[in-house]
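Listed below, chain by chain, are the residues.
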Amino acid sequence: MSPKITDFVEDAGAPGLIAGIGAVLLAPVLLPVFAGIGKPIAKSIIKGGIVAYEKSKGAFAELGETWEDIIAEAKAELAEDNETPAFESATNTIDTSADNGI
């Protein structure tokens, strides 16, 4: 069973009915006022969004370059680590020139 308009009117009561009629009667007067106020606000929001997008585009490009530099440095360090043996052979030299007291 779908709701009917009569159900809404009965549930809203007299105050709701009066408010509804008032809104319908005032809509032609209030809509142009709200449109006049809303349009400059909407344009300001859009302009702000465009400016933020343009600024962030440059910042994201710089961030991408920095990220690529970090990746290149990490790869270079990995390549350098792979070329260097993990354990370098230690040479034990015995100092024969010292007097051992014998």
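Residues numbered from 1 in each chain as written. Predicted model: local features only at pLDDT ≥ 70, side-chain atom pairs only at ≥ 80, totals over all residues. Heavy atoms only, no water.

**Student:** Before we go on, may I ask you to explain the overall build of the protein in this structure?
**Tutor:** Summing up its helical and strand segments, the protein has one helix and zero strands in all. Put simply, the protein has 102 residues, and 0% of those count as buried. Accessible surface computed for the protein: about 9,600 Å², of which carbon and sulfur atoms make up 66%. (Helix = DSSP H or I, 4+ residues; strand = E, 2+ residues; numbered from the N terminus. Buried < 20%, exposed > 50% of the residue type's maximum accessible area, 1.4 Å probe, protein only. Areas by Shrake-Rupley, 256 points an atom, 1.4 Å probe, with all protein chains shown as cover.)

**Student:** Just to check I follow, could you spell out the pattern of salt bridges for this structure?
**Tutor:** Side chains that differ in charge, positive against negative, can pair when their charged atoms come close. If you walk through the whole model with that rule in mind, you get one salt bridge. A salt bridge links Lys-57 to Glu-54; the shortest N-O distance between them is 3.6 Å. Placement of the pair is Lys-57 and Glu-54 together in helix H1 (residues 5-83), with a separation of three residues, close to one helical turn. Taking relative accessible area as the criterion, Lys-57 reaches 43% and is therefore assigned partly exposed. (Salt bridge = Lys/Arg side-chain N within 4 Å of Asp/Glu carboxyl O.)

**Student:** It is not clear to me how a nonpolar patch on the surface should be interpreted in this structure. Could you clarify?
**Tutor:** Residues Leu-26, Val-29, Leu-30 and Phe-34 make up a contiguous nonpolar surface patch of about 390 Å² in total accessible area. Structurally, the position occupied by Leu-26 is in helix H1. Leu-26 gets classed as partly exposed once you look at its relative accessible area, which sits at 46%. (Patch = residues over 30% accessible without salt bridge, like charges linked within 9 Å, V, L, I, M, F, W, Y side chains within 5 Å.)

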